[in-house]
Amino acid sequence: MDDRLLGLVDGVVDMDEPRLPLLTLREARAAVELLQLLAARDGEGAYAARHLAGSLARRLPAEG
């Protein structure tokens, strides 16, 4: 596992940094879906992808 990558992902949740509006809602949902696909694999970074996908998905508004 790439500890540097996991550290960056974990830091997103722990830090009190200003958030930047970088993505549209549609792009954010697509990014979460892509991260979930990467997380389903056993390769390098799967755990970090799973962690980041969960963090981002919790902040998205419910689909309706």
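Model, not experiment: these values are computed from the prediction. (Residues numbered from 1 in each chain as written. Predicted model: local features only at pLDDT ≥ 70, side-chain atom pairs only at ≥ 80, totals over all residues. Heavy atoms only, no water.)

1. With respect to the overall build of the protein chain
For the protein chain, the count of helices and strands is three helices and zero strands. Sequence-ordered secondary structure for the protein chain, helices as α and strands as β, is α-α-α. When the 64 residues of the protein chain are sorted by exposure, 20% land in the buried category. Considering only residue pairs separated by 6 or more positions, the protein chain has 71% of its internal contacts joining residues 24 or more positions apart. (Helix = DSSP H or I, 4+ residues; strand = E, 2+ residues; numbered from the N terminus. Buried < 20%, exposed > 50% of the residue type's maximum accessible area, 1.4 Å probe, protein only. Contact = heavy atoms within 4.5 Å.)

2. A look at the environment of Glu-33
If you trace the backbone, Glu-33 turns up in helix α2 (residues 25-39). Each C-alpha atom of the pair Glu-33 and Ala-53 lies 7.8 Å from the other, and the pair is 20 residues apart in sequence.

3. As for the confidence of the model for the protein chain
Looking at the protein chain as a whole, the pLDDT averages 79, with 75% of positions reaching at least 70. Within the protein chain, no element has a lower average pLDDT than helix α1 (residues 3-14), which sits at 65, and none a higher one than α2, at 90. (pLDDT = per-residue confidence, 0-100.)

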